[in-house]
Amino acid sequence: MLRELYDYRELLKTNVKKDIRGRYKASVLGVLWSFINPLLQVLVYAIVFPYLMKGAGDHYVVYLVTGIIPWTFFQTVVNQSTTCIKANSGIIKKVYFPRMILPLSAFFSGLINFFISCVIIIVFCLIFGMGVSWHLIFVPIIAVTEGLLGLAIGTICGAINAYIQDTEYIVNFLLLMAMYGAPIIYETSIFPDGSRIGALIQLNPMTHIMNAYRDVFMNHRIPDMGAVGIVFLLSFALFLVAVAVFNRMQKGFAEQF
Amino acid sequence: MNSDNAIEVRNLTKEFKVSYDGAKTLKEFLVRRHTKAEKHVVLKDISLDIKKGETVGLIGVNGSGKSTLLKLMTRIIYPTKGTVETNGRLTSLLELGAGFHPDFTGRENIYFNASIFGMTKKQIDARVDDIIAFSELGDAIDEPIRTYSSGMYMRLAFSVAINVDADILLIDEILAVGDQHFQDKCFDKLLELKNSGKTIVIVSHALDQVRRLCTRAVWIYKGTLRLDGDPAYVIEAYKKQSAIDHKEEKKAAVESGTAAYKGVVFIDSPSDFSREKCGQKVTVNGWRIADSDDFEFSVEVNGKPVSEISEVDRPDVASVYEEEYAGFVEDKRLGFSAAFVPEKAGEYVIRAQIRTAGRIIAEKQITVIAS
């Protein structure tokens, strides 16, 4: 299978290219939209949240930017790989190619988009006087871990979604839950020590991913690589399961549409 | 698998569930568990070897399973029972322009499209000039393809498809692209591929193309392999069977009330509103077709039937309608010739009519003016 994926590497490349440059090509602001969207989200939370929550922190805007942009990356990878089979049903019915290319394209285009977005995070860090440090070299490791988790979840959901098209709506809901279940727009310190919800949030792998990003961008220290490593191993194991599930289910894709 | 073979099909059976078009939502999925899906056998126990370098035409009527067989060979769908094995790089041209994106240029889209067929950048780079030349798009190749006419779009798509390097080429009804000139060019290119030793499998309704291009024809009849051999022989047998089937189906459909007989009448000469001389014989020439064996045909002039109508051979008409009216045009004299003499000056209304069981199924009326 790896050999075949390698043979089709040009397809992966053109798909990623189409995804990044093609998505907004007809719109006036073009690719900029993929950065404007999370920023608008930041704006909304930055305006609303300080009212709802006392003591949102001095650098709440930077806190939001370093949470929402990585979250958007994760969400995009999961969403796109969940819908990719259905969205490409036209060519799936007509052309043979390794179907795994489709979720992989979602992963790579998401990853590249995120690396570009990191410029925005850095700009915010500089504007708000936090500065940057050499710890940025950890960003690719955290991002690949995060993306792999998204890819693993999305690959399973994408295969199921070809058969039961409710999956994508359920995934949307679960993503929303996962977002509020991780310190993206709030800090974990708002929950008292030993509270049940605080413990639950520690079980969310995204919590550790977010903590790692904050350590790198805001706290300028080496992130908890043990936690990231566990998330990586978990993601990798899940990804292997996902590929096995996907391979079993992909034989029926063309007959589902 | 035998190394002389490009494709080996063994005891292949393919079933589709037909009672529902597949559960699309969770609700349908849950409800469906309690009902039994009906199975429709599309292909029954097919075994077939296609040798390297052969050009094989798969023929059969719509729904016979020939396109399904092609899809199974490409691994778009998988057999219920049995196996399909292929040997060599396989490209399927079932879809033209797969992966095209309207906002990118023709040149970029060549890469998108060719990469779906599994080509690498290097391979496409080596081919891209040939593809552009073949498409005859010229400078338009660097314009976004949303600005293309549908003809240009198809030309580009076909040029990529036909220039993909492959050992085995599977083609489904795609020779009908562009104008006559481009179609001829595509056909020549296929001949060239054939002569260069590629294995080609074509599904086509254009029997004439199968006859000219293929070295072997395989006839799929109701999901089974009916006949396999020299194209001329297989096509002839296929046409005979289609004629019989078509006749029976039509008869059954008319009897059950789901269809009506139809026909066509045409008058070649004289032309409408032409002037004729009084007292001189006017010959009415034309042809008629009906999908019934016992129809009545009449030619009337001003309401009076012309008694003498002779039949004429019209192979040109037969070849045009051989598919639509299969079973009703073979070995028949489709043309007619009737004559009358206008006695007085004035208008003469000529009406040709086909009736079955008293009902008019086709009619043509013209007027000539005698002076």
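This one's a predicted model, so the numbers in the text were calculated from it and none came from an experiment.

Remarks on the overall build of chain A
For step 1, the next point in the chain: If you tally the helices and strands in chain A, you get 11 helices and zero strands.
For step 2, the next point in the chain: Mapped in sequence order, the helices and strands of chain A form the string α-α-α-α-α-α-α-α-α-α-α.
For step 3, the next point in the chain: For 257 residues, the compact-globule formula gives about 18 Å, and the C-alpha radius of gyration of chain A, at 19 Å, lands near that figure.
For step 4, the next point in the chain: The C-alpha extent of chain A, read off along each of the three principal axes, is 55 × 45 × 35 Å.
For step 5, the next point in the chain: Taken over 257 residues, chain A has a buried fraction of 44%.
For step 6, the next point in the chain: In chain A, the share of contacts with a sequence separation of at least 24, taken over all contacts with a separation of at least 6, comes to 76%.

Remarks on the interface of chain A and chain B
For step 1, the next point in the chain: Listed by partner, the interface residues are 23 residues for chain A and 29 residues for chain B.
For step 2, the next point in the chain: When its residues are assigned to classes, the side of chain A that touches chain B shows nine nonpolar, four polar and 10 charged.

Let's talk about the packing of helix α4 (residues 60-87) of chain A against helix α8 (residues 167-180) of chain A
Residue and element names in this part refer to chain A.
For step 1, the next point in the chain: Where α4 meets α8, the closest approach of the two axes is 10 Å, and the angle between their N-to-C directions is 165°. By the criterion of interaxial angle, the relationship of α4 to α8 is roughly antiparallel. Relative to α8, α4 is oriented so that their crossing is right-handed. Side by side, α4 and α8 meet where Trp 71, Gln 75, Val 78, Thr 82 and Thr 83 of the first sit next to Thr 167, Glu 168, Val 171, Leu 175 and Met 179 of the second.
For step 2, the next point in the chain: The residue makeup of the contact of α4 with α8, split by class, is five nonpolar, four polar and one charged.

A look at helix α11 (residues 225-249) of chain A
All names here are of chain A.
For step 1, the next point in the chain: Relative to the 36 Å expected for 25 residues at 1.5 Å per residue, α11 spans 35 Å between its end C-alpha atoms, a close match to the ideal helical length.
For step 2, the next point in the chain: For α11, the set of buried residues is Val 228, Val 231, Phe 232, Ser 235, Ala 242 and Phe 246.
For step 3, the next point in the chain: Of the surrounding elements, those touching the buried residues of α11 are α7 (139-163) and α10 (205-219).

Some points on the sheet that holds strand β1 (residues 5-17) of chain B
For sheets, the rule is that strands pair by backbone hydrogen bonds, running either parallel or antiparallel.
Residue and element names in this part refer to chain B.
For step 1, the next point in the chain: Ordered by their spatial adjacency, three strands build an open sheet running β2-β1-β4, and the pairing between neighbours is antiparallel. In the strand order of this sheet, the two ends are held by β2 (39-51) and β4 (81-86), each with one partner. Sheet twist, expressed as the mean angle between neighbouring strand axes with direction ignored, is 20°.

Overview of the sheet that holds strand β16 (residues 335-340) of chain B
Residues and elements named next belong to chain B.
For step 1, the next point in the chain: Ordered in space as β10-β12-β16-β15, the four strands form an open sheet in which the pairing is antiparallel. The outermost strands of the open sheet, each flanked by one partner alone, are β10 (263-269) and β15 (309-312). Ignoring strand direction, the axes of neighbouring strands in this sheet form an average angle of 30°.
For step 2, the next point in the chain: Two strands pair when backbone bridges link them, and β15 and β16 are joined in this way by four bridges, in the antiparallel orientation. Counted as the bridge partner of Glu 311 is Phe 336 from β16.

Things to note about the domain arrangement of chain B
For step 1, the next point in the chain: Segmentation of chain B into domains returns domain 1 (5-244) and domain 2 (263-370).
For step 2, the next point in the chain: Here domain 1 of chain B and domain 2 of chain B have C-alpha centroids that lie 43 Å from each other.

Some words on the nonpolar core
For step 1, the next point in the chain: Grouped together as the largest cluster of nonpolar side chains are 138 residues, with contacts concentrated most on Leu 58, Leu 170, Val 201 and Ile 202 of chain B.
For step 2, the next point in the chain: Element by element, the count of residues in this core is highest for α4 of chain A, at 14 residues.
For step 3, the next point in the chain: If we ignore the near neighbours within four places in the chain, the residues touching Leu 170 of chain B are Leu 70, Met 73, Thr 74, Leu 90, Ser 92, Leu 93 and Val 201 of chain B.
For step 4, the next point in the chain: The next biggest cluster of nonpolar side chains, apart from the first, holds 22 residues, and it includes Val 265, Val 284, Ile 289 and Phe 328 of chain B.

Cut-offs applied
Residues numbered from 1 in each chain as written. Chains lettered and ligands numbered in written order. Predicted model: local features only at pLDDT ≥ 70, side-chain atom pairs only at ≥ 80, totals over all residues. Helix = DSSP H or I, 4+ residues; strand = E, 2+ residues; numbered from the N terminus. Rg over C-alpha atoms; globule rule 2.2 N^0.38 Å. Buried ≥ 20, exposed ≤ 12 C-beta atoms within 10 Å, placed from the backbone. Contact = placed C-beta atoms within 7 Å. Nonpolar A, V, L, I, M, F, W, Y, C, P; charged D, E, K, R; others polar. Axes fitted to C-alpha atoms, helices over the stretch in contact; angles between N-to-C directions. Parallel < 35°, antiparallel > 145°, perpendicular 65-115°, else oblique. Left-handed = near helix turned anticlockwise from the far one by under 90°. Expected span 1.5 Å × (residues − 1). Pairing = 2+ DSSP bridges. Domains from an automatic or database assignment. Core = buried A, V, L, I, M, F, W, Y, C linked by C-beta atoms within 7 Å.

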